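# Fold and contact review
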Amino acid sequence: MSLAESLSPVTTPALGAVRHDWTREEVAALFALPFSDLIFEAQRIHRENFDPREVQISTLLSIKTGGCPEDCGYCAQSVKYDTGVKAEKLMALDAVLADARAAKAAGASRFCMGAAWRSPKDRDLEQVCAMVEGVKALGMETCVTLGMLTGSQALRLKDSGLDYYNHNLDTSPEHYGNIITTRTYQDRLDTLAHVREAGINVCCGGIVGLGEGETDRISMIATLASLPSHPESVPINMLVQVEGTPLSGGETIDAIDFVRTIAAARITMPKSMVRLSAGREDMTDEAQALCFVAGANSIFYGPKLLTTPNRAHDKDMQLLDRLGMVPA
Ligand code: SAM
Ligand code: DTB
Ligand code: SF4
């Protein structure tokens, strides 16, 4: 019997357990399942752990845009590429809180603040901590993504009341060097360990459409699912191609392959929130509906991601409405 057959829903009641020892072969067998079996299994596991109608809504704000010294090949904010994004200073606290209030009024339960830094300076971190305190006082969950953190910086953020830290693995360890050269995969794992040790929830996922092969998507999911604890939030981004970056103009990812990645994340990390993240602007409603059926239960909401457009508010509300889904 092939591995794919052995993972058939009929023969493997054990699928759905929380495990940290996923092998590449096991994840490859998930990807090799007939699409309907894969989706069936993902939806079954989703229903065991979540209300399938509920979608958690996060809104993003770029609190420090552009001028980043890193060379991430997909990113609009790297100084290495001419993308037309201007470098700006860290936003003032009042302006951030005004945006958070608007996001809350529009239905977001979590406010995610992103900064285009390799890692924060301690002086900047104090200002971000004030933002976290202010957003929490509005009654929202907080998430920040500021680049690499030391252990003491993670503890300082925890002290400020931070709920989530976003730091993505981005791709497989094998493909990583083709995308980023200014920091290593191990640097990322180290930051994730600092965040975890500080007691902050981890938001960690990756990007699909970076010119990787299916083996890389398998390897990325196996790596995420083999972390000592699963990230509480797993954002799966579809590359937003930004003109001027090395990855613009590459082949786009097939929507079915994207849905398979979402389903594999749901099956291997059954209790994590799986976020259908960047790239929804370029996806059909039908592809997004399939992502929800495959176990995605969170989205970024609002007209802008960090520097690129997101789906319009009303279009999202209409889609959730058509699907009978409700903000959690
Ligand atoms: N500078 C910090 C860092 O890289 O850790 C935080 C912000 S960074 C923009 C956060 C994540 O957004 C990246 O790790 C990547 O996964 C995602 N991202 C950035 N640009 C993207 C793009 N064009 N398409 C899809 N995802 C993207
Ligand atoms: C994540 O995984 N996706 C978000 C968030 N974490 C910070 C960022 C998406 C950025 C998309 C490109 C842009 O708008 O610049
Ligand atoms: Fe800088 Fe983050 Fe963009 Fe990489 S992804 S260039 S670290 S802002």
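Since this is a predicted model, take the numbers as computed values, not measurements. (Residues numbered from 1 in each chain as written. Chains lettered and ligands numbered in written order. Predicted model: local features only at pLDDT ≥ 70, side-chain atom pairs only at ≥ 80, totals over all residues. Heavy atoms only, no water.)

## Focus: the site of ligand 2
- Close contacts around ligand 2 come from Leu60, Thr145, Asn166, Asn168, Pro235, Asn237, Ala278, Phe300, Leu305, Leu306, Thr307 and Thr308, and that covers them all.
- Here asparagine 237 contributes a side-chain N or O atom positioned 2.8 Å from an oxygen atom of ligand 2.
- Protein contact buries 87% of the 410 Å² of open area that ligand 2 shows by itself.
- Here the shell around ligand 2 is built from residues that sort into six nonpolar, six polar and no charged. (Near = heavy atom within 4 Å. Polar contact = N/O pair within 3.5 Å; in protein donor to acceptor, adjacent residues only side chain to side chain. Areas by Shrake-Rupley, 256 points an atom, 1.4 Å probe, with all protein chains shown as cover. Nonpolar A, V, L, I, M, F, W, Y, C, P; charged D, E, K, R; others polar.)

## Section: the pattern of salt bridges
- For the structure on display, the rule yields 19 salt bridges.
- A salt bridge links arginine 183 to glutamate 70; the shortest N-O distance between them is 2.9 Å. On the criterion of sequence distance, the pair formed by arginine 183 in the loop between helix 7 (173-176) and helix 8 (185-197) and glutamate 70 in the loop between strand 1 (54-64) and helix 4 (93-105) is long-range, its members being 113 residues apart. Residues arginine 183 and glutamate 70 agree in their burial class; the two are buried.
- Through salt bridges with shared partners, one network takes in Arg280, Asp285, Arg311, Asp316 and Arg322. (Salt bridge = Lys/Arg side-chain N within 4 Å of Asp/Glu carboxyl O. Helix = DSSP H or I, 4+ residues; strand = E, 2+ residues; numbered from the N terminus. Buried < 20%, exposed > 50% of the residue type's maximum accessible area, 1.4 Å probe, protein only.)

## A few points about the packing of helix 11 (residues 285-293) against helix 12 (residues 313-323)
- One can describe the packing of helix 11 onto helix 12 by two numbers: an axis separation of 11 Å at closest approach and a directional angle of 55°. With respect to each other, helix 11 and helix 12 are oriented oblique. Seen from above, helix 11 lies across helix 12 with right-handed handedness. Across the interface between the two elements, Asp285, Gln288, Ala289 and Phe292 of helix 11 pack against Leu319, Leu320, Arg322 and Leu323 of helix 12.
- Here the residues of the contact of helix 11 with helix 12 are counted per class, giving five nonpolar, one polar and two charged. (Axes fitted to C-alpha atoms, helices over the stretch in contact; angles between N-to-C directions. Parallel < 35°, antiparallel > 145°, perpendicular 65-115°, else oblique. Left-handed = near helix turned anticlockwise from the far one by under 90°. Contact = heavy atoms within 4.5 Å.)

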